[in-house]
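Analysis of the macromolecular model
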Amino acid sequence: MEKVLIGKIVNAVGLKGEVKVYNYSDSPEIYATAEAVYVDDELMEVENLRLQKNMVILKLAGIEDRNAAEAAKNREIFVTEDDLPELEEGEYYIRDLIGMEVALEDGSHLGTMTDVIQNSAQDIFQLRTDEGKNVLIPRVPEFILDINTDERKITVRLIEGMLDL
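For the structure given in this document, a descriptive report is provided here. (Residues numbered from 1 in each chain as written. Predicted model: local features only at pLDDT ≥ 70, side-chain atom pairs only at ≥ 80, totals over all residues. Heavy atoms only, no water.)

Further remarks concern the sheet that holds strand β1 (residues 3-13). The strand order around the closed barrel formed by six strands is β1-β2-β5-β4-β3-β6, and the pairing between neighbours is antiparallel. Neighbour-to-neighbour, the strand axes of the sheet open up by a mean angle of 50 degrees, direction not taken into account. Sheet topology note: the strand β4 (residues 42-52)/strand β5 (residues 55-60) ladder contains six bridges and is antiparallel. Among the inter-strand pairings, R50 is bridged to a residue of β5, identified as I57. (Pairing = 2+ DSSP bridges. Helix = DSSP H or I, 4+ residues; strand = E, 2+ residues; numbered from the N terminus. Axes fitted to C-alpha atoms, helices over the stretch in contact; angles between N-to-C directions.)

Below you can see the structure in the form of C-alpha cells.
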C-alpha cells in the first residue's frame, strides 16, 4: 500500500488541538473523504475539517490540545492510494505525470517531465531536455497536444523561441 503526500502541518490553531495544514492536493475534500490520514507514519482519524482561506484546518484524533498540535508542526500528511478520488477524463495526478517522456508533435524526443508548477493561472509543465536544460510549458491546448498515460508520453507543440527562455 503506497502512501501519497497530501499536506504538511504548519501550525497549531486555537486551544483544542486543531492544526493548520498546507494542502498539496487540488481538493481539500480528500481530508474529509478519507476515513483516516497518516501523520508521518501514524494513522489518525479526521474528526473535523474546516477551511480558512486556502488553508485546511483539521482536528485529528490523538491531538487533544494546543501543546500536542504544536508538537505536530512540520509533520507530513498522507493518504493511501485507495483514498484518492477517481479522476474525470483529462485529469491526472501530478505524481503520475512525473517521469513521462515529452515529445514534439513530429514524434521526436524532447525531454522528461520533472515537475508541475501550480501557482499561476494554469499549470506549468517543467521538463528537462536531454541536454540538461529546464523548459517550462503552460498546460494549455495550444502547447499540450496529448497526454497518454498508457504510453507514458506527453506530446507538445512549441512556438519559436520557447526553448531559448
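That was the structure; now back to the text.
Looking at the largest pocket, its volume works out to about 920 Å³. Forming the walls of the largest pocket are 31 residues, and the residues nearest its centre are Y24, S25, D26, I94 and Q118. Partitioning the lining of the largest pocket into residue classes produces 16 nonpolar, seven polar and eight charged. Considering the residues around the second largest pocket, the lining is formed by Y22, N23, S25, D26, P28, L51, K53, N54, M55 and V56. Counting residues per element, the ones that place at least two in the lining of the second largest pocket are β2 (18-23) and β5. (1 Å grid on protein atoms, 1.4 Å probe; cavity = no way out; pocket = protein on both sides within 12 Å on 5 of 7 lines; lining within 4 Å. Points joined across faces, edges and corners; volume = space filled by probe spheres on them. Nonpolar A, V, L, I, M, F, W, Y, C, P; charged D, E, K, R; others polar.)

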